[in-house]
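# Results of the structural survey
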Amino acid sequence: MNRSFTSMCSRGVFFFLYFFAVLSVGVPASSSAYSLHTRLRTIVTVYPDVRGNVEATLAPLYEFADIEALDVGVKGLEVVFSGWAKVETWDWWKEERWKGSLLYGYVRFRSSDARLDTKVGRMLINAGAAPLTLQMDGGYVSFSTKGGTSINLYTGIPLNDMDGSRKGDWLAGFRAGHRWGTRAELGVSYFLQKEREDVNFNRLGFDGWFHISPSMNITGYLSYDITYSRLHDSSVTFSYYPASRMWKLFAVEAGTKSAMSFLGNQSVLSVFASGDYANLKVSGLFEVSGVMVGTGYEFLMYADSRTAAHRIYIKAKRYFDGERYLLLLHASRLRSDTSYTELRFAASALILTSLQGNVDTVWDVFDEEVREDMLWSYESTISLKYELVENVKITAAVSIAGGVEYTWRIKGMGKLTYEL
Amino acid sequence: MKERIAVITWLFFLTCVSNVLAATRRQVFIQHKDTIQEARCSTCHDTSVRLEILTHNAVWVDVHKSVAVNRSAECEKCHSRTYCAECHSFKQSLKPSEKNPEDVESTFPHRGNWISRHFVEAKVEPDRCYRCHTQSYCYDCHVDKSYAPGSSSLPRNPHPSAWNHGTEARRNIVKCVSCHERGAATDCIECHRAGGIGGNPHPPGWVEKHPGLDRETDRPCIFCHGR
């Protein structure tokens, strides 16, 4: 099966499911035995771009659909769907006029009485040693005991961007954990992914959290590569929630990352990789006169090159007149091979009962010229959101940006949201 | 007199409660004010999880992973099953902040003119990119923009004219990986495979230091040596 045929099939499946989803919107939830939650978003953007060496105007039209049918006939039986499609209405590149994918599409049954949760279809996996939001077609089952023990099992076929063919690809994994009341939890997990006869991932994971006191906890994880007999990555976070009107949170995070942790075993560069690094992050959150302030410092040390990077940031947020107005300021500074300072200002106001106005501006100022004499970049967006009727909102936005690819660019956007 | 004291006490109590609730409401983020006002947290929430931990404060995005992975049932009490995809659906080709420009409060990834600084962040924390994106994601765009081999032309080659790639690769190959890693089809192998024009990339003493490796069968030796 070649890639284009596979792509065509997946498109066919997608559009069938999408058609089903759109039709299902017309079914009033109250008239059926199940409850239906739907969100449809139609977005159109218009902007200039560079394709190859040619400037072109692009106007892609997107459709995002999220559908959840809960308690379908039987309590606990769910059908969940999330997908998107895009069509280039103005110009298209490499004959890719249509694009789309199914992100989720599964049938789920869960019962709190039986302490069981099962899923079949396309889903994202977040369990133990599995890579973040692993997308697969397959099955998942989770069950737990009254004593606090839980087990998650999953297996399926991974979706792989690097190779259109999925023939012979498969994965499997589990996580087993035990929770000691409100005090602590420990988990052990395993994840194996193969592409044909090659092992992509073969990992053992450990994770857990421990409440030292009602206001202090530690959470962490560790992932070990069995193939190479070495640590993949690890992280420990200590959080303290002071009983203070001003201080809300103090957290310290320390961890290690290895080149293999992001390359996976599929990489030949794993042999040469020297990109192991450690990070330490200290962050805090406090409130002064109604202003929420989050601040932190992060230190990254690269093992082989003996170099380091530092990042410091501060975020402040304040509501006015209840929650009618919002002001947000964000500043950060990265010191590394290429250093830069980021500033962000955003504001939101409920102008009328159904009309919300927003402005959002981000500046990046580099210490020295990078890429085609560029010293800074920016993007400013102004948007208006209006509730046409109940559950139907319309958003219009325009942004101006400048930076590495263009001295300046204007982009328009319109969105229609339907939520039920 | 007693009635007046009772009214004043009652008003004072209401003011205190509403102040506390207003402050809580800002932090909790999810708009379930009726439930909060009626103090029915435990109706939905697992009370073994401290609500502070679930509070969506300024650093929540950094720490939400551990809760989402180990206690996802808590998330699902407020969020839809497809909520995660709002940020983690990296195959949508539209940034979350572009999809929701009116939502200035959310900590979406890649805000602003991200493309102008992404190469800096990719060098500083490469594993962050690869948590969501595969290398083909980078490569496809770089080909389209004429930054990478495979383009119709390569006028935007980011490397200087006297580029000594060997020195840089030995110093920190993670930087190379930001653009050049494509699994078995990686650019390095093009030249450095056994018998290739690039020669042997291994440092002196490589074989002695790796006695356990079988270059005919072990991954990733086989990409250059095997089959």
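Here the structure is a predicted model, which is why all the values come from computation and not from measurement. (Residues numbered from 1 in each chain as written. Chains lettered and ligands numbered in written order. Predicted model: local features only at pLDDT ≥ 70, side-chain atom pairs only at ≥ 80, totals over all residues. Heavy atoms only, no water.)

### So, the overall build of chain B
When you go through chain B residue by residue, the secondary structure sums to 15 helices and zero strands. Of the accessible surface of chain B, which amounts to about 12,600 Å², a share of 59% is contributed by carbon and sulfur atoms. (Helix = DSSP H or I, 4+ residues; strand = E, 2+ residues; numbered from the N terminus. Areas by Shrake-Rupley, 256 points an atom, 1.4 Å probe, with all protein chains shown as cover.)

### Here we look at the overall build of chain A
The helix and strand inventory of chain A stands at three helices and 23 strands. Relative to its full complement of 420 residues, chain A shows a buried share of 47%. Look at the contacts in chain A between residues 6 or more apart in sequence, and 38% of them connect residues 24 or more apart. (Buried < 20%, exposed > 50% of the residue type's maximum accessible area, 1.4 Å probe, protein only. Contact = heavy atoms within 4.5 Å.)

### What to know about the packing of aromatic side chains
Residue and element names in this part refer to chain A. One pass over the full model with this rule turns up nine aromatic pairs over all chains. Note on Y62 and W84: the rings are 6.4 Å apart at their centroids and 40 degrees apart in plane angle, and the pair reads as tilted. On the criterion of sequence distance, the pair formed by Y62 in strand 3 (residues 60-70) and W84 in strand 4 (residues 77-88) is long-range, its members being 22 residues apart. Both residues of the pair, Y62 and W84, belong to the buried class. (Phe/Tyr/Trp six-rings, centres within 6.5 Å; stacked < 30°, edge-to-face > 60°.)

### Observations concerning the side chain of K415(A)
Assignment of secondary structure puts K415(A) in strand 23 (residues 409-419). Setting aside residues up to four positions removed in sequence, K415(A) forms contacts with R41(A), T42(A), I43(A), K393(A), I394(A), T395(A), K99(B), N100(B) and E102(B).

### Comments concerning the pattern of salt bridges
All names here are of chain A. Per the counting criterion, the structure on display carries 24 salt bridges over all chains. Here R39 makes a salt bridge to D66, at a shortest N to O gap of 3.3 Å. Linking R39 in strand 1 (residues 35-51) with D66 in strand 3, this pair joins segments that are 27 residues apart in sequence. Exposure remark for D66: the relative accessible area of 8% places this residue in the buried category. Taken together, the shared-partner salt bridges in this structure form one network comprising E78, R108, R110 and D117. (Salt bridge = Lys/Arg side-chain N within 4 Å of Asp/Glu carboxyl O.)

### Focus on a nonpolar patch on the surface
Residues and elements named next belong to chain A. Residues F320, Y325, L327, L329, L343, F345, W363, V365, L375 and W376 make up a contiguous nonpolar surface patch of about 860 Å² in total accessible area. If you list the elements that add at least two residues to the nonpolar patch, you get strand 18 (325-335), strand 19 (340-352), strand 20 (355-370) and strand 21 (374-389). Residue contributions to the nonpolar patch peak at three residues, all from strand 18. For L327, a relative accessible area of 33% corresponds to the partly exposed category. (Patch = residues over 30% accessible without salt bridge, like charges linked within 9 Å, V, L, I, M, F, W, Y side chains within 5 Å.)

### Things to note about the confidence of the model for chain A
All names here are of chain A. Mean pLDDT over chain A works out to 82, with 83% of the residues at or above the 70 mark. Long-range and interchain partners of residues 1-31, a stretch whose pLDDT sits below 50, account for 29 contacts in this model, where long-range means more than four residues apart. This stretch, residues 261-274, has a pLDDT under 50; its non-local contacts, to residues over four places away or in other chains, come to 61 contacts. (pLDDT = per-residue confidence, 0-100.)

### Quick notes on the side chain of E102(B)
The topology assignment puts E102(B) in the loop between helix 8 (96-99) and helix 9 (118-124). Not counting chain neighbours up to four residues away, the residues in contact with E102(B) comprise Q356(A), N358(A), S383(A), K385(A), T395(A) and K415(A).

### Description of the pairing of strand 3 of chain A
Residues and elements named next belong to chain A. Most of strand 3 is tucked away, with ten of its eleven residues classed as buried. Both strand 1 and strand 3 contribute to a ladder of ten bridges, which runs antiparallel. If you follow L36 over to strand 3, its bridge partner there is A69. Bridge count between strand 3 and strand 4: ten bridges; the pairing is antiparallel. Bridged to D66 within strand 4 is S82. A loop of six residues connects strand 3 with strand 4, the two strands running antiparallel in sequence, and D71 in this loop sits at a positive phi of about 50 degrees. (Pairing = 2+ DSSP bridges.)

### Details of the confidence of the model for chain B
Residue and element names in this part refer to chain B. On average, residues of chain B score 68 in pLDDT, and 52% of them reach the 70 mark or higher. Per-residue pLDDT, averaged within each element of chain B, yields its smallest value for helix 1 (residues 2-28) (47) and its largest for helix 8 (90). The low-confidence segment residues 11-31 (pLDDT under 50) makes 19 contacts with residues lying over four places distant or belonging to another chain.

### Things to note about unusual backbone geometry
Residue and element names in this part refer to chain A. At D71, a position not held by glycine, the phi torsion is positive, near 50 degrees. The phi dihedral of N391 is positive, around 75 degrees, even though this residue is not glycine. With respect to the helices, strands and loops of the structure, N391 is situated in the loop between strand 21 and strand 22 (392-402). Judged by relative accessible area, N391 falls into the partly exposed class, the value being 27%.

### Some details on the nonpolar core
Residue and element names in this part refer to chain A. With 25 residues, the main nonpolar core has I125, Y154 and F191 as its most contacted residues. Listing elements by their share of this core, those giving two or more residues are strand 3, strand 4, strand 5 (98-111), strand 6 (116-125) and strand 7 (134-144). Setting aside anything within four residues of it in sequence, one finds F191 in contact with A129, A130, P131, L134, Y154, L171, A172, G173, F201, N202 and R203. Ranked by size, the runner-up nonpolar core spans 13 residues in total, among them L334, Y340, F366 and V404. (Core = buried A, V, L, I, M, F, W, Y, C linked by side-chain atoms within 4.5 Å.)

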